[in-house]
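# Coordinate analysis (summary)
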Amino acid sequence: PAALPPASLGFTDVNLYSRNTYEVSRRRSAPEHLPHGGTPPAEPAPPPQEPTERARHRVGIAGAGSSFAEFFTRNFFTKRTKELKPAVQSAPGWKLFGKVPPRENLPKDSKIIQQEYEARTGRMYKPPLPSARRKNIEFEPLSTTALILEDRPANLPAKSVEEALRHRQEYDEMVAEAKKREIKEAHKRKKIMRERFKQEENIASAMVIWVNEILPNWEGMRATRRVRELWWQGLPPSVRGKVWSLAVGNELNITPELYEIFLSRAKERWKSFSETSSENDTEDAGASVADREASLELIKLDISRTFPSLYIFQKGGPYHDLLHSVLGAYTCYRPDVGYVQGMSFIAAVLILNLEEADAFIAFANLLNKPCQLAFFRVDHSMMLKYFAAFEVFFEENLPKLFLHFKSYSLTPDIYLIDWIFTLYSKSLPLDLACRVWDVFCRDGEEFLFRTGLGILRLYEDILLQMDFIHIAQFLTKLPEDITSEKLFSCIAAIQMQNSNKKWAQVFASLMKDNKEGDKNHSPAPKS
């Protein structure tokens with residue numbers, strides 16, 4: 001067969017277009033290659049698609065007529081690429097190892113973009129006058145809120161009049177809400193400050209009355225109505241420890257010298273902690289060596305967990321050794337009671353308000369009260385009497401919550417034990433717990449159970465919506481935001497009277513019934 005001309009034997013004619021060929025066709029179609037007349041040049045017709053057999057035949061003929069080097073050079077690097085050069089080129093950019101290709105599409109000016117947007121939408125935009133923007137604004141929130149009033153960047157379509165008005169309205173609403181919040185918070189802060197100043201003034205005036213009038217005439221004035229009302233409002237911190245000591249009393253006749261004796265015994269025991277005492281010493285002490293060592297080890301463990309947020313009773317804190325001394329001396333003074341978990345909180349509160357020896361005297365006498373002694377010695381029969389008396393007044397004051405607890409068989413021991421063991425010093429904030437202690441020293445054990453009923457009354461609506469597990473969890477860890485005003489208003493609403501019987505009478509009747517029951521169940525004497 002006759003040889004075909006070389007021009008018609010291009011590799012691109014076999015449907016295998018190279019990247020350079022594509023670039024050439026793309027650049028030829030670009031607007032910058034249009035002639036000045038505005039009409040694009042006629043595009044050359046694409047090579048006709050031919051069957052594969054014929055293409056192979058042509059390639060074979062081309063191989064016979066010329067070398068493969070000439071064939072690839074002619075098809076991959078055609079003369080057209082050298083002739084096509086853009087008419088206008090932008091300044092080339094830069095890269096790490098040389099120049100990058102020139103940018104073909106320059107960014108449009110913002111005015112051109114705005115003109116195109118107006119031509120497309122058919123609406124003219126008239127920006128608001130600068131004097132109308134952000135004028136006479138008394139409050140500017142310190143945030144990005146005001147950005148909504150800013151104009152858009154130049155390369156974006158400008159705001160319409162309706163959108164600008166809507167943004168202004170939204171901004172005014174946000175500013176109004178921010179002003180309301182700020183005014184509300186300012187009023188709240190002022191109210192807190194006023195209450196604090198008023199409280200400080202009341203404390204200062206009450207302190208003068210306590211120091212100059214009440215304490216010098218303690219026995220004659222302690223039971224008067226005026227003193228009881230002042231007592232209910234809370235004792236001034238400067239006289240709190242003194243009033244507590246006088247109210248608790250010293251029935252045990254403990255002296256500071258006696259405290260030093262028991263403290264020295266405790267220190268000797270700490271030194272010989274790993275050694276065992278003789279059998280005679282153990283019998284005289286009234287407790288086994290194992291019990292003593294267990295108490296000393298438990299004291300160390302509990303001290304680290306006493307008011308951990310204060311960081312004053314932990315090891316290295318200013319009151320760590322003091323608390324350790326008071327508790328250690330008490331285990332030597334009352335080996336029959338020893339150390340029980342919860343004692344560390346009571347001793348810590350006393351140490352914060354009294355000197356070391358006075359704190360020990362008040363601690364020992366406080367734990368010698370019938371209620372505390374029953375709980376710390378774990379006298380189950382006495383504890384059940386206290387729980388039964390509590391339920392009598394629970395049903396009298398909060399009948400709906402009482403039935404709710406009964407439906408879940410939720411008994412008082414689940415939440416009362418922790419409250420009584422620590423005298424609320426672990427369950428309530430420290431300042432609130434001290435105020436509970438104030439009235440407890442005035443009214444005795446009755447106020448401990450009245451405080452428990454006040455807490456239940458305060459959270460009655462919440463507790464009625466809970467089941468057994470959630471009630472137990474809630475009462476074990478009370479909310480931290482509880483305030484003295486709310487709690488004491490609920491405590492004041494609790495009436496400690498049932499069928500014209502007060503707490504002491506109800507408790508005495510329960511004790512009497514228990515003794516009669518024991519007599520009836522006692523075995524008959526043998527004849």
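Residues numbered from 1 in each chain as written. Predicted model: local features only at pLDDT ≥ 70, side-chain atom pairs only at ≥ 80, totals over all residues. Heavy atoms only, no water.

### Structural notes on the overall build of the chain
Broken down by element type, the chain carries 25 helices and four strands. Taking the contacts inside the chain whose residues are at least 6 apart along the sequence as the reference set, 70% of them involve residues at least 24 apart. (Helix = DSSP H or I, 4+ residues; strand = E, 2+ residues; numbered from the N terminus. Contact = heavy atoms within 4.5 Å.)

### Points about a nonpolar patch on the surface
Side chains of Tyr408, Ile414, Phe468 and Ile469 sit close together on the surface and give an oily, nonpolar patch of about 330 Å² of accessible area. Looking at where phenylalanine 468 falls in the secondary structure, it is placed in helix α23 (residues 468-476). (Patch = residues over 30% accessible without salt bridge, like charges linked within 9 Å, V, L, I, M, F, W, Y side chains within 5 Å. Areas by Shrake-Rupley, 256 points an atom, 1.4 Å probe, with all protein chains shown as cover. Salt bridge = Lys/Arg side-chain N within 4 Å of Asp/Glu carboxyl O.)

### Notes on the packing of helix α19 (residues 413-422) against α23
Packed helix pairs are characterised by how far apart their axes lie and by the angle those axes make with each other. One can describe the packing of α19 onto α23 by two numbers: an axis separation of 9 Å at closest approach and a directional angle of 5 degrees. What the angle tells us is that α19 and α23 run roughly parallel. Here Ile414, Tyr415, Asp418 and Trp419 of α19 lie close against α23, whose contacting residues are Phe468, Ala472, Leu475 and Thr476. Among the residues making up the contact of α19 with α23, the classes are represented as six nonpolar, one polar and one charged. (Axes fitted to C-alpha atoms, helices over the stretch in contact; angles between N-to-C directions. Parallel < 35°, antiparallel > 145°, perpendicular 65-115°, else oblique. Nonpolar A, V, L, I, M, F, W, Y, C, P; charged D, E, K, R; others polar.)

### So, the confidence of the model for the chain
Interpretation of this model should avoid reading the predicted coordinates in detail wherever pLDDT is low. A residue-level look at the chain finds 65% of positions with pLDDT of 70 or above and a mean pLDDT of 77. Of all the helices and strands in the chain, helix α11 (residues 279-285) carries the lowest mean pLDDT, 45, while helix α15 (residues 356-366) carries the highest, 97. This model gives residues 522-527 a pLDDT under 50, and the stretch forms zero contacts once residues within four places in sequence are excluded. (pLDDT = per-residue confidence, 0-100.)

### Remarks on helix α20 (residues 430-443)
The terminal C-alpha atoms of α20, which comprises 14 residues, lie 20 Å apart, in line with the 20 Å expected from a rise of 1.5 Å per residue. Of all the 14 residues making up α20, eleven are buried; the element is thus mostly covered by neighbouring parts of the structure. Listed as buried for α20 are Leu432, Ala433, Cys434, Arg435, Val436, Trp437, Asp438, Val439, Phe440, Cys441 and Arg442. Looking one or two residues past α20, glycine 444 carries a phi angle of roughly 85 degrees, positive in sign. (Expected span 1.5 Å × (residues − 1). Buried < 20%, exposed > 50% of the residue type's maximum accessible area, 1.4 Å probe, protein only.)

### Description of the environment of lysine 502
With respect to the helices and strands, lysine 502 occurs in strand β4 (residues 501-502). Judged by relative accessible area, which is 54%, lysine 502 ranks as exposed. Sequence-wise, lysine 502 and glutamate 446 are 56 residues apart; in three dimensions their C-alpha atoms are separated by 9.5 Å. Ignoring sequence-local partners within four residues, the contact set of lysine 502 consists of Phe393 and Met496.

### A look at the environment of glycine 338
On the secondary structure map, glycine 338 appears in the loop between α13 (320-333) and α14 (343-353). What makes glycine 338 buried here is its relative accessible area of 7%. Glycine 338 sits ten residues away from glycine 328 along the chain, and the two C-alpha atoms are 9.2 Å apart. What glycine 338 contacts, discounting residues up to four positions off in sequence, is Ser295, Tyr330, Thr331 and Met343.

### Points about the pattern of salt bridges
Taken as a whole and judged by the stated rule, the model has eleven salt bridges. Among the salt bridges present, the one from glutamate 170 reaches arginine 166, with a minimum N-O distance of 3.8 Å. Placement of the pair is glutamate 170 and arginine 166 together in helix α6 (residues 161-214), with a separation of four residues, close to one helical turn. What makes glutamate 170 partly exposed here is its relative accessible area of 32%. With relative accessibility at 42%, the residue arginine 166 sits in the partly exposed group.

### A short note on the packing of aromatic side chains
Taken as a whole and assessed by the stated rule, the structure comprises 32 aromatic pairs. Taken together, a centroid distance of 6.2 Å and an interplanar angle of 45 degrees make the contact between phenylalanine 375 and tyrosine 386 tilted. Of this pair, phenylalanine 375 sits in helix α16 (residues 370-376) while tyrosine 386 sits in helix α17 (residues 380-397), and the two are eleven residues apart along the sequence. Residue tyrosine 386 is classed as buried on the basis of its relative accessible area, which comes to 1%. Summarising the aromatic geometry, the rings of phenylalanine 375 and phenylalanine 387 are spaced 5.9 Å apart at their centres and angled 80 degrees between planes, so their arrangement reads as edge-to-face. Of the two residues, phenylalanine 375 is situated in helix α16 and phenylalanine 387 in helix α17; the sequence distance between them amounts to twelve residues. Judged by its relative accessible area of 7%, phenylalanine 387 falls in the buried class. Directly above the ring of phenylalanine 488 sits arginine 435, whose terminal nitrogen or CZ lies 4.0 Å from the centroid. (Phe/Tyr/Trp six-rings, centres within 6.5 Å; stacked < 30°, edge-to-face > 60°. Lys NZ or Arg CZ within 6 Å of the ring centre and 35° of its normal.)

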